[in-house]
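Read off the chains here:
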Amino acid sequence: MKARYDVIFRDIRDSIERGAYPFQSFLPSESELTAAFGCSHNTLRRALSLLRERGYVQPVHGEGVRVVYQPQERTAFTVGDIESFREAGERAHLRTRTDVACVEQVIADDALAARTGFSPGEELTYVIRVRNIDGEALILDHSYFRTASVPGITVEVARRSIYDHIEGHLGITIAMSKRTITVERATEQDNELLDLDGIDYLAVITSQTFDAQGILIERTQSRHRPDHFCFRDTAVRHHV
């Protein structure tokens, strides 16, 4: 179950993305929002802090909270958020489908351990998923999950949402993800499984995801057709 402040964050975020609070306008006052959500001021402030971190709002001393979000022309997969493909699709109001090309158990040898961050000898569940958006195959995900932490991944689980399985069925808290973004030449498999239309290079996000105990539970490489996506993040300057 998501924390109350996270639910409020998502509600306000969705309202901003729908245009209910336009760019450069102010959100309702803190008192109005706490009354609307039936929450404490501390809970609301945690939600507003998340909105600021994600680049949706900027608090202005003595005036309120100003909206600084502007919609992107391309579909935006936000680097700073941890969300499933299904959640991202629903947020962006896209028609999505996941096709599963592979679910198999593997043992991490030295080379695989060095590439993924898992320990040699660990049993891993290897999953290949093709992400379709509006009828086009645009993303290829290669994922390794630590089987001891995330058992029970089937083709159907992978098709629906592995994160739903992790959080809803297994009760595991997904806490943190470390990511790198590179540009790489398309491989033969990329050309076979994705609708590349002659594009030679892909935007590649490689992520390691950890649970609340700091255990590495997932390593995923997402290979994106670049002309359909932008990757958005927000930086905040901290004054000393």
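To keep things clear, this report deals only with the structure shown in the data block. (Residues numbered from 1 in each chain as written. Predicted model: local features only at pLDDT ≥ 70, side-chain atom pairs only at ≥ 80, totals over all residues. Heavy atoms only, no water.)

## Overview of helix H2 (residues 30–37)
An α-helix turns once per 3.6 residues; consequently, residues spaced three or four apart project the same way. Inclusion rule: Each residue is placed in one exposure class: buried if its accessible area under a 1.4 Å probe, protein chains only, is under 20% of its type's maximum, exposed if it is over 50%, and partly exposed if it falls in between. Helix and strand labels come from DSSP, where a helix needs a run of H or I of at least four residues and a strand needs a run of E of at least two; each type is numbered from the N terminus. Directions pointing from the helix axis toward each C-beta atom define the arc. What makes two residues a contact is simply this: any of their non-hydrogen atoms within 4.5 Å.
Leu-33, Thr-34 and Phe-37 are the residues of H2 that are buried. Each buried residue of H2 sits inside an arc of 100 degrees when the element is viewed along its axis, so together they form one side. Away from its buried face by more than 90 degrees, H2 exposes Ala-35 and Ala-36. Each element contacted by the buried residues of H2 is listed here: helix H1 (4–18) and helix H3 (41–53). Note on H2: the residue one or two positions beyond its end, Gly-38, has a positive phi of about 60 degrees.

## Quick notes on unusual backbone geometry
Even without being glycine, Gln-24 reaches a positive phi, approximately 75 degrees. In this structure, Gln-24 sits in the loop between H1 and H2. For Asp-134, which is not glycine, the phi torsion reads 50 degrees and is therefore positive. Among the structural elements, Asp-134 can be located in the loop between strand S5 (123–133) and strand S6 (136–146). What makes Asp-134 partly exposed here is its relative accessible area of 43%.

## Observations regarding the packing of aromatic side chains
Quick reminder of the rule: Only Phe, Tyr and Trp rings take part, Trp by its six-membered ring, and two of them pair if their centres are within 6.5 Å. Stacked means planes under 30 degrees apart, edge-to-face means over 60, and tilted covers everything else.
All told, the structure shown has two aromatic pairs when counted by the stated rule. Here Tyr-56 and Tyr-69 contribute two aromatic rings whose centre-to-centre distance is 5.0 Å and whose plane-to-plane angle is 15 degrees, an arrangement assigned as stacked. Of this pair, Tyr-56 sits in the loop between H3 and strand S1 (57–60) while Tyr-69 is found in the loop between strand S2 (64–67) and strand S3 (75–78), placing the two residues 13 residues apart along the sequence. For Tyr-56, a relative accessible area of 2% translates into the label buried. With 4.6 Å between their ring centres and 15 degrees between their planes, Tyr-126 and Tyr-144 make a pair best called stacked. On the criterion of sequence distance, the pair formed by Tyr-126 in strand S5 and Tyr-144 in strand S6 is long-range, its members being 18 residues apart.

## Brief notes about the nonpolar core
Inclusion rule: Only buried residues count toward a nonpolar core, which is a set of Ala, Val, Leu, Ile, Met, Phe, Trp, Tyr and Cys residues joined through side-chain atoms within 4.5 Å.
Counting residues in hydrophobic clusters, the biggest one holds 19 residues, and the most contacted among them are Val-106, Leu-112, Leu-124, Tyr-126, Tyr-144, Leu-194 and Leu-202. Taken together, the elements giving at least two residues each to this core come down to strand S4 (96–107), S5, S6 and strand S8 (201–211). Leaving out residues up to four positions away in the same chain, Val-106 has contacts with Leu-112, Glu-122, Glu-123, Leu-124, Tyr-126 and Tyr-144. Among the nonpolar cores identified, the runner-up in size contains 18 residues, and Leu-33, Phe-37, Leu-48 and Leu-51 belong to it.

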